[in-house]
Amino acid sequence: MRLLSLDVYAFQAVGYLGAHPERWITAAELCAQTGLRRAFMVRVLASLVRGDVVLSKKGCSGGYRLARAPQAVTLYDVVRSLERPVAPLSCVSLSAPSQCAAAQCCQARQGVYEQLRAATHQVLARSTAADLARDVQGGVTYDTCLKHLWHPQFESALHRPFEGDQAQVLVPG
């Protein structure tokens, strides 16, 4: 699984809500605290509400708050509410699986890909909004994390040294 900016922003929002479980937080306050544009924050919050991670309340005394106690909201819940597969490849995804003709005999699938998926689920399930709230309370932001996300242009640059190489086929003589 690769983290996206969407995940990082959702973690920031959930952490801030977890740091203030006793009150309703407005979208404007969340934007001010996370630096996220309102349009994007509303998208993140809508996903979190659909995923039953966050509650919303309309009106002048409304806003957003966690649906459960911060220690009961896992990062697995957060990522799943964003409607993202939590798997390294679609052939081992539980939420959006794709068929693979080699599934029954693929050693990499059973030996690596399924185990990566399971390990990712376990790590995300062990971490909670309470953990993220401690970051908020300690003044830690995730702005730096956004600079370390993988981007397609970085990945394509990783493959450039191989583009000009010609494969040499060795034929036994």
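Engineer: Which parts of the structure should I look at to understand the packing of aromatic side chains?
Structural biologist: One pair of aromatic rings is described through two measures. These are the centre distance and the angle between the planes. Across all of its chains, the model carries one aromatic pair by this definition. Residues Tyr9 and Phe40 carry aromatic rings whose centres are separated by 5.5 Å and whose planes lie at 80° to one another, so their mutual orientation is edge-to-face. Linking Tyr9 in helix H1 (residues 5-19) with Phe40 in helix H3 (residues 38-50), this pair joins segments that are 31 residues apart in sequence. Classification of Tyr9 by relative accessible area gives buried; the value is 16%. The aromatic ring of Trp24 is capped on one face by Arg65, whose charged end is 5.0 Å from the ring centroid.

Engineer: Any chance you could explain the environment of Leu149 here in plain terms?
Structural biologist: By secondary structure assignment, the location of Leu149 is in the loop between helix H7 (143-147) and helix H8 (152-163). It is 6.9 Å that separates the C-alpha atoms of Leu149 and Leu3, two residues lying 146 residues apart in sequence.

Engineer: Sorry if this is basic, but what is going on with the pairing of strand S2 (residues 63-66) here?
Structural biologist: With four bridges joining them, strand S1 (residues 54-57) and S2 adopt antiparallel strand pairing. Counterpart to Lys57 in the pairing with S2 is Gly63.

Engineer: What should I look at first to understand the pattern of salt bridges in this one?
Structural biologist: Once their charged atoms are close, side chains differing in charge can pair, the charge on each being opposite to the other. For the structure on display, the rule yields six salt bridges. Ionic pairing is found between Arg23 and Glu29, a salt bridge with its closest N-O pair at 2.6 Å. By relative accessible area, Arg23 is classed as partly exposed at 29%.

Engineer: Explain the environment of Leu6 to me, please; I cannot follow it from the model alone.
Structural biologist: Tracing the backbone shows Leu6 in helix H1. Here Leu6 falls in the buried class, since its relative accessible area comes to 11%. Spatially, the C-alpha atoms of Leu6 and Leu146 are 9.8 Å apart, while their sequence positions differ by 140 residues.

Calculation rules
- Residues numbered from 1 in each chain as written.
- Predicted model: local features only at pLDDT ≥ 70, side-chain atom pairs only at ≥ 80, totals over all residues.
- Heavy atoms only, no water.
- Phe/Tyr/Trp six-rings, centres within 6.5 Å; stacked < 30°, edge-to-face > 60°.
- Helix = DSSP H or I, 4+ residues; strand = E, 2+ residues; numbered from the N terminus.
- Buried < 20%, exposed > 50% of the residue type's maximum accessible area, 1.4 Å probe, protein only.
- Lys NZ or Arg CZ within 6 Å of the ring centre and 35° of its normal.
- Pairing = 2+ DSSP bridges.
- Salt bridge = Lys/Arg side-chain N within 4 Å of Asp/Glu carboxyl O.

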